[in-house]
Every structure is written in structure tokens, then in C-alpha cells.
Amino acid sequence: MTGRRAALLAVAALLAAGPAVARDAARDRRPERPKPAAGPARPRARPAAAGPELNAVDRETVRAWLAAHPDWTPPGPPAGAPAARPVRGKALPAGVAGEALPPELAMQLPYFPGYRYRALGGDLVLLAKGGGLVAGVLPGALAR
Amino acid sequence: MCTVILLHRPGHPWPVLVAANRDEMLGRPWDPPGPWWPDRPGLVGGRDRSGGGSWMAVNRAGVVATVLNRPGSLGPAPGKRSRGELPLLALAAGSAAAAAAAIAALPAADWRPFNMVLADHRGGIFLRSEGRGRAEVEPLPAGLSMVTAHDPNDLGSPRTARHLPRFRAAAVPDPGRRDWAAWARLLADDSLAKSRADALRVPPTDGFGTVCASLLAIDAAGGLRWEFAAGPAGIAPFRPVALDGRPA
């Protein structure tokens, strides 16, 4: 096989594998979710197409972080509470943005590219970056 | 939540090698290493524009000073001095040992808890402050040391547990040939195992992430070579830093 032919075949193989490689790369950036040793039952697995969500493991992660950081207090309730409570699958109420989590806490939560965490009062919210849709909520997870 | 990796090889022509990733709020402004402090001639470092200090700097005597937060102490706090001034204070000294002594003589409660890694051609020194009393001083042993917000080589740090073995297995850089390839690749690794806490290059999200990187070598005579990436490693290229008036 000539070098030129080998190179052409390699390029063709890469082009054919492109979408699969991209999917693998995206999957690699999502950490494996640890299974809880005990405690509340995990929500039933959702179809992959439903996107990321928060679960009991994440609530335990937040609890442990709060216990280790007694000086941190969640932001006050959002204006208009309780009507401003976040609802999964919907945008946040107008005028409600929440506050950024402490980076040390956000870093311990699952990383979903294209999403960000916010604190809304005592609620932990996962927002899709583009439209700001609520992808997940842990009500009261940040409350002391 | 930065990371500093230091390799000490006593008797080697390049006895000390340092690699560092700086993790910071993405919106916090900073400048790449330069002589930003005219009242401190010979001092070259990256400048945090908010506090005016530095996360990593060097002086003419061949001393390197870095500062990191301790767990749970990220960011400024009312009534506390900026930790960025600590490298500047340390680098008034002519050796890493003297710099460590100078920092350890200060009231640690003036700053939020911090770690420091100081080094010269004799080796590295770790300082730990819990924000009270005085900072504790520990010489770093020969070999590889990895410091995060935790203690050196503390496997309780997910990042250290995951990446220290990778540095141990990697080819040692050759600063004389400007060959840092193996360590540069490791600094550029933004893969995750369980969460961003175990990433060496922290992916940017929630306003926080790795913002820049450094590779630095000290030769046996105390001479320095510093390669700096003005962005995350693997995205921004490493380029030589001009030191002590000499072109890069």
C-alpha cells in the first residue's frame, strides 16, 4: 500500500467515524455517577434524551459539603418566593436569576457541558446555559 | 484551588522543576508575568488586578513563590488581606528558606487560610496556614510533590490522587532543550473521573475554571526559565517569560 493510499484510507475512516467519535468524546466528559451506598432510593433512570438531572447522590454531595463548610449560608429566597420556585423543564420566572454556587461546591457536582448550577434560596438548580431552562432541581438542598 | 507540582532532583543540573495550573473565577482580571511592581525591582510575576498581588512570581535570586487557597477558603473575605501579596512579601528574601521564615513570622490571621510553595535551586518548601497563629513550614522532600488546596501529596485531594501517579509515570521535562511536552500534556488534561474536583485543568463553568498555566525550571546556579501559557494549557501556547531585563 502506498503512503498516499494509506493516508486517504485513514482520512476516510476518520470521516466515517466522526459522529461516533464526537458522541464518545461528549460521553467521556460526563463523569460516571457514583452509586449511593445507602439512603434514599435513586429516581428511576431517565432516557438519555431527557438530558442531565440531579439526584439523591448529588443531594448527599451537597449535604456533605455544607457540613464541612458551616460558615457558608445560602442566598436569601428569590424575590417573589414562593411563586418563584423553579420547575424542571421550564424557564426560571422572569427577573429570577439565582446566584452562583461556591466553586468548591460546584466542582464536586457532576459536570454537564452546557449547563450551570445556581442557588435559588435553599434550592439547588441546574440550568441549561442557552435558554435558561431548568434541567434539574434539588429543593431545599442548600438550606441550613 | 490551583495546583503546583514540584520535582526536586538534588545534584541534577536542573534540580527543581515546577508545573502549575491556576484556577480562578473567570471574570477576575489578571496580567501575565511581568515586572508589574516598580517598587520591587527584579520581581516578575503574574498580576491579579483585583488585589494587586500575584499567584506566582520569581526574583533575581532565583526564588519562586506561589500561593494557593486551603479547602473552603476560595475568594476574598471582608477584613482579610489579599493572599496575592504573600508571594511579593516572600520574594524580598534571597533564598527560599529565608522567604519561608519571613512568611512564617507574619500573623497568619491577617489572611484567609493559604498554602504556599516556595523554591530555589536547593529545593522546595511548603507552607500551610489555617488562618490563625503562624504558618507552618515543611521542606518538600526530593522527588515529586503535588500541592493543591490540600497538603503535599495528600491523596484525600481527588486531583492529587488521580494525577500524582500520572506525573510520576511521565517523562521528566528537559528544560535545557525547552522540552516540556509530557508535563504540558498533563496540565492540559481536562478529563474527569467523578467530578471537576479531580480534573487537573478545570473545565470552565459556573464562572470558574483553569485560567493559565506555568512551567518553570531552576538550574543548579539558581538561573530560571519560565514558560507561561496565558490561557489553559492545551488551548494557549507556552511562551518564555522575560526575566530580570533579559529578553525571553
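This structure is a prediction, so every number in the text was calculated from the model and none was measured.

1. Describing the overall build of chain A
Alright, step 1. The helix and strand tally for chain A stands at three helices and four strands.
Alright, step 2. For chain A, the sequential pattern of α-helices and β-strands runs α-α-β-α-β-β-β.
Alright, step 3. Among the 144 residues that make up chain A, the fraction classed as buried is 26%.

2. Examining the nonpolar core
Residue and element names in this part refer to chain B.
Alright, step 1. Of all hydrophobic cores here, the largest spans 95 residues; its most connected members are Val 18, Ala 99, Leu 118 and Ala 119.
Alright, step 2. In terms of residue count, the dominant contributor to this core is strand S11 (residues 208-218) (eight residues).
Alright, step 3. Those residues in contact with Val 18 that sit more than four places away from it in its chain are Val 4, Ile 5, Leu 6, Val 64, Ala 119 and Leu 216.

3. What about the pairing of strand S4 (residues 44-48) of chain B?
All names here are of chain B.
Alright, step 1. Along S4, five of the five residues are buried, which leaves the element largely enclosed by surrounding structure.
Alright, step 2. Where strand S3 (residues 30-34) and S4 come together, three bridges link them in antiparallel fashion. Looking across to S4, one finds that Gly 34 is bridged to Gly 45.

4. Here's the deal with the interface of chain A and chain B
Alright, step 1. Counting residues at the interface gives 20 residues for chain A and 16 residues for chain B.
Alright, step 2. Among the secondary structure elements, those contributing two or more residues to the side of chain A that touches chain B are helix H3 (103-106) and strand S2 (115-120) of chain A.
Alright, step 3. In terms of residues, the side of chain A that touches chain B owes the most to one element, H3 of chain A, which gives three residues.
Alright, step 4. Class assignment for the residues of the side of chain A that touches chain B results in 13 nonpolar, two polar and five charged.

5. A word on the sheet that holds strand S1 (residues 3-8) of chain B
Residues and elements named next belong to chain B.
Alright, step 1. The sheet built from six strands is open, its strands ordered S10-S1-S2-S11-S12-S13 with antiparallel pairing. Strand pairing shows two members of the sheet lacking a second neighbour, strand S10 (143-147) and strand S13 (238-240), which therefore form its edges. On average, each strand axis in the sheet is tilted by 20° relative to the strand beside it, whichever way the strands run.
Alright, step 2. The strands that helix H3 (residues 158-169) touches are S1 and S10; relative to S10, the one it contacts most, it runs at about 155°.

6. With respect to the environment of Gly 53 of chain B
Residue and element names in this part refer to chain B.
Alright, step 1. Looking at where Gly 53 falls in the secondary structure, it is placed in the loop between S4 and strand S5 (56-58).
Alright, step 2. The class of Gly 53 is buried, set by 23 C-beta atoms lying within 10 Å.
Alright, step 3. Here the alpha-carbon distance between Gly 53 and Ser 82, two residues 29 residues apart in the chain, equals 7.4 Å.
Alright, step 4. Setting aside residues no more than four positions away along its own chain, Gly 53 makes contact with Asp 48, Ser 82, Gly 84, Glu 85, Pro 87 and Leu 88.

7. Some words on unusual backbone geometry
Residues and elements named next belong to chain B.
Alright, step 1. Although it is not a glycine, Arg 178 adopts a positive phi angle of roughly 55°.
Alright, step 2. Examined against the element boundaries, Arg 178 turns out to sit in the loop between H3 and helix H4 (181-187).
Alright, step 3. Backbone geometry places Asp 206, a non-glycine residue, at a positive phi of 55°.
Alright, step 4. Within the secondary structure, Asp 206 sits in the loop between H4 and S11.
Alright, step 5. What makes Asp 206 buried here is the crowd of 22 C-beta atoms within 10 Å.

8. Things to note about helix H2 (residues 96-104) of chain B
Alright, step 1. Every buried residue belonging to H2 of chain B is among Ala 96, Ala 99, Ala 100 and Ile 103 of chain B, and all of these are buried. Projected down its long axis, H2 of chain B shows its buried positions confined to an angular sector of 100°, all on one face.

9. Here's the deal with the sheet that holds strand S1 (residues 99-100) of chain A
The strands making up a sheet are joined through hydrogen bonds of the backbone, oriented either antiparallel or parallel.
Alright, step 1. Pairing is antiparallel across the open sheet formed by four strands, whose spatial order is S1-S2-S3-S4 (chain A). With one partner strand each, in any of the chains shown, S1 and strand S4 (134-138) of chain A form the two edges of the open sheet.

10. Regarding the confidence of the model for chain B
Alright, step 1. Scored by pLDDT, chain B comes out at a mean of 95, with 98% of its residues at no less than 70.
Alright, step 2. As scored by the predictor, the complex reaches a pTM of 0.82 and an ipTM of 0.71.

11. Here's the deal with the environment of Asp 198 of chain B
All names here are of chain B.
Alright, step 1. For Asp 198, the location among the structural elements is in the loop between H4 and S11.
Alright, step 2. Residue classification places Asp 198 among the buried residues on the basis of 20 C-beta atoms within 10 Å.
Alright, step 3. Separated by 96 residues in the primary sequence, Asp 198 and Ala 102 place their C-alpha atoms 33 Å from one another.
Alright, step 4. Setting aside anything within four residues of it in sequence, one finds Asp 198 in contact with Pro 158, Arg 159, Arg 162, Leu 192 and Ala 193.

How each quantity is defined
- Residues numbered from 1 in each chain as written.
- Chains lettered and ligands numbered in written order.
- Predicted model: local features only at pLDDT ≥ 70, side-chain atom pairs only at ≥ 80, totals over all residues.
- Helix = DSSP H or I, 4+ residues; strand = E, 2+ residues; numbered from the N terminus.
- Buried ≥ 20, exposed ≤ 12 C-beta atoms within 10 Å, placed from the backbone.
- Core = buried A, V, L, I, M, F, W, Y, C linked by C-beta atoms within 7 Å.
- Contact = placed C-beta atoms within 7 Å.
- Pairing = 2+ DSSP bridges.
- Nonpolar A, V, L, I, M, F, W, Y, C, P; charged D, E, K, R; others polar.
- Axes fitted to C-alpha atoms, helices over the stretch in contact; angles between N-to-C directions.
- Arc of directions from axis to C-beta.
- pLDDT = per-residue confidence, 0-100.

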